[in-house]
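Observations on chain architecture
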Number of protein chains: 2
Amino acid sequence: MQLQYMTKTQQNTVCAHLDRAKLKHTKARFAVLSVLLEARSPLTIEDIQRQLKVKVHTVTLYRMLKKFVESGIVYQTDLRTGKAYYEFQKEHHHHVTCTDCGLQEEVKTCVARLQNNAQKETKNFKNINTHSLEFFGVCNKCTSG
Amino acid sequence: MQLQYMTKTQQNTVCAHLDRAKLKHTKARFAVLSVLLEARSPLTIEDIQRQLKVKVHTVTLYRMLKKFVESGIVYQTDLRTGKAYYEFQKEHHHHVTCTDCGLQEEVKTCVARLQNNAQKETKNFKNINTHSLEFFGVCNKCTSG
DNA sequence: TTCTATGCAAATAGTTTGCACTAAA
DNA sequence: TTTAGTGCAAACTATTTGCATAGAA
């Protein structure tokens with residue numbers, strides 16, 4: 001498959017991920033992952049659809065993203081807005097979200113060590129696989145305004 | 001207001017919280033907070049409604065819980081099930097949730113220090129007010145089964 | 001009496017499901 | 001040619017909104 005809207009490097013990244021997850025290479029998947037690769041903050045299904053250069057049905061997006069999350073290509077998170085946010089799983093990181101305007105900023109602060117502590121503490125779980133960590137506040141713009 | 005289903009201590013707790021939040025003392029609010037005080041894990045709106053000894057309309061529950069969350073009486077969290085979970089804000093803590101059966105366990109492990117790190121790191125936020133931290137895994141029962 | 005809280009009906013938003021068709025391997 | 005992916009219609013679930021009534025301060 002030849003895509004004009006992706007660099008060779010991006011295509012290789014995408015192919016590698018799809019192969020590892022045993023998912024077929026389709027136009028729709030390339031298009032979606034290309035959007036996610038370019039994104040600078042987590043995107044909703046609607047965001048993704050708006051940014052797509054190819055038309056992909058909403059239902060397909062939901063099913064696709066679900067697979068991506070299951071296979072670890074994409075990280076799904078909840079930003080207290082009532083909808084799911086997705087982002088390409090690069091280096092592990094988290095966000096601060098403005099509870100007023102929704103502004104999002106990435107922070108590298110992570111909780112891997114605490115996951116170990118929780119692991120030691122729990123009695124019902126031999127393995128904690130993952131975590132979700134989000135910070136909330138009011139951003140400077142909204143504070144002053 | 002006299003409630004037979006609450007201890008004196010619980011009533012005092014509830015009153016204090018309502019006063020601090022400048023919310024009126026109503027039967028519905030006492031009933032809901034009583035359920036949350038007894039709960040040993042986060043509850044959905046549906047859970048709360050099922051456990052109520054008094055009939056409270058679903059819409060009222062949504063509005064009530066929203067106020068409680070805003071005023072810090074109740075902690076709202078997302079457990080990746082598509083609905084909101086609520087719990088009385090006692091000592092700050094978090095959960096491990098089984099991605100198979102939904103079993104929840106409390107853990108004391110917290111992230112207050114990391115919130116400070118994030119605070120130092122961010123450029124857009126003078127104040128980070130709160131965070132959401134959840135761990136996910138497959139519980140022992142589901143692992144063996 | 002005044003303002004907040006509640007109930008009811010209806011709408012909205014996000015997400016899921018069933019089924020038929022298409023396309024990748 | 002077989003199985004996975006996609007589109008479309010419709011359903012479903014959680015949550016919100018508008019408006020009239022009831023109840024706390």
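Up top is the structure.
Throughout what follows, the structure given in this document is the object of discussion. These numbers come from a predicted model, not from an experiment.

**So, the interface of chain A and chain B**
Interfaces are often sized by the accessible area lost when the parts come together. Each partner contributes residues to the interface: chain A has 39 residues there, and chain B has 39 residues. Taken together, both faces of the contact between chain A and chain B bury some 3,300 Å²; the carbon and sulfur share is 54%. The interface formed by chain A and chain B includes zero salt bridges. The tally of links between chain A and chain B comes to zero residue pairs in polar contact (both at pLDDT 80 or more). Of all the secondary structure elements, the ones that give two or more residues to the side of chain A that touches chain B are strand E1 (74-78), strand E3 (94-98), strand E4 (104-107), helix H5 (112-121) and strand E5 (127-138) of chain A. Among the elements that make up the side of chain A that touches chain B, the one with the highest residue count is E5(A) (12 residues).

**Examining the protein's contact with DNA strand D**
Residues in close proximity to DNA strand D total 21 residues, the closest being A:Thr26, A:Arg29, A:Thr60, A:Arg63 and B:Tyr62. The contact atoms of DNA strand D, taken as those within 4 Å of the protein, divide so that sugar and phosphate hold 67%. Backbone polar atom of B:Ala84 to a phosphate oxygen of DNA strand D: 3.0 Å apart, as the coordinates give it. Ranked by residue count, the leading element in the surface near DNA strand D is helix H4 (residues 58-70) of chain A, at five residues. Here the residues of the surface near DNA strand D are counted per class, giving eight nonpolar, five polar and eight charged.

Conventions adopted
- Within any chain, residue numbers begin from 1 and follow the written order of that chain's sequence.
- The order in which chains are written sets their letters, starting at A; the order in which ligands are written sets their numbers, starting at 1.
- Local features in this predicted model are restricted to residues of pLDDT 70 or higher, and side-chain atom pairs are both shown and tallied only at a pLDDT of 80 or more, whereas totals for entire chains, interfaces and linings draw on every residue.
- Excluded from the side-chain calculations are hydrogens and water; all other atoms, namely the structure's heavy atoms, are used.
- Contacts were defined at the residue level, with two residues in contact if any of their heavy atoms lie within 4.5 Å.
- Throughout, buried area stands for the accessible area (probe radius 1.4 Å) lost by two parts on being put together, summed over both.
- Any Lys or Arg side-chain nitrogen found within 4 Å of a carboxyl oxygen on Asp or Glu counts as a salt bridge.
- Nitrogen and oxygen atoms within 3.5 Å of one another constitute a polar contact, given that in protein one can donate a hydrogen and the other can accept it, and given that sequence-neighbouring residues count only through two side-chain atoms.
- Put simply, DSSP H or I for four residues or longer makes a helix, DSSP E for two residues or longer makes a strand, and each gets a number counted from the N terminus.
- By convention in this text, a residue qualifies as near a molecule or strand provided that one of its non-hydrogen atoms is within 4 Å of it.
- Residues are sorted three ways: Asp, Glu, Lys and Arg are charged, Ala, Val, Leu, Ile, Met, Phe, Trp, Tyr, Cys and Pro are nonpolar, and all the rest, Gly among them, are polar.

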